[in-house]
Amino acid sequence: MGENSIKGIMETTIEKLRSMVNSQTIIGDPIVSNDITIIPVSKVSFGLATGGSDFPSKSSNKMFGGGGGAGVSITPVAFLVVKGENVKLVQIDNDSNTIDKAIELVPEMFDKVKDLFKKNERDSQDEVDVEL
């Protein structure tokens with residue numbers, strides 16, 4: 001009897017876990033500003049535990065007790081930055097381990113990304129000037 005009960009607990013726990021974590025958890029909704037699109041990328045970690053036991057009973061019915069649980073940790077790790085046909089991956093520092101830190105970095109990151117694209121455009125322009 002216990003094996004079927006454990007299986008039921010595991011199936012329910014895994015189904016609840018699936019409802020909490022999906023592909024949109026890892027690749028977030030795009031943030032669009034002017035001609036730049038920023039797509040957050042997160043690391044998802046999870047743990048799962050399930051257990052149970054049959055207990056002796058004076059009646060003919062066997063008794064079972066069990067439980068299960070799961071935990072999920074979502075950590076922002078990078079942003080995909082898209083401007084036109086250019087795509088760059090901007091990683092977040094290793095010290096960043098909360099969504100609050102990622103939100104704090106968004107305005108600063110917009111400035112850095114704009115500067116990066118401006119620098120690339122200037123470098124490309126310099127190369128054209130040298131070739132002439």
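## Notes on the nonpolar core
Turning to step 1, where the next piece is worked out: In terms of nonpolar packing, the biggest core is built from seven residues, these being Ile 36, Ile 38, Phe 79, Val 81, Ile 92, Val 113 and Phe 117.
Turning to step 2, where the next piece is worked out: Mapped onto this core, the elements with two or more residues apiece are strand E2 (36–55), strand E3 (63–83) and helix H3 (99–131).

## What to know about the sheet that holds strand E4 (residues 86–91)
Turning to step 1, where the next piece is worked out: Strand order in the open sheet formed by four strands is E1-E2-E3-E4, and the pairing between neighbours is antiparallel. The sheet is open, and its two borders are formed by strand E1 (31–33) and E4, each paired with just one other strand. Recorded for the sheet is a direction-independent mean angle of 25 degrees between the axes of neighbouring strands.
Turning to step 2, where the next piece is worked out: Sheet topology note: the E3/E4 ladder contains six bridges and is antiparallel. When the sheet's bridge partners are listed, Val 82 is paired in E4 with Val 87.

Rules used in this analysis
- Residues numbered from 1 in each chain as written.
- Predicted model: local features only at pLDDT ≥ 70, side-chain atom pairs only at ≥ 80, totals over all residues.
- Heavy atoms only, no water.
- Core = buried A, V, L, I, M, F, W, Y, C linked by side-chain atoms within 4.5 Å.
- Buried < 20%, exposed > 50% of the residue type's maximum accessible area, 1.4 Å probe, protein only.
- Helix = DSSP H or I, 4+ residues; strand = E, 2+ residues; numbered from the N terminus.
- Pairing = 2+ DSSP bridges.
- Axes fitted to C-alpha atoms, helices over the stretch in contact; angles between N-to-C directions.

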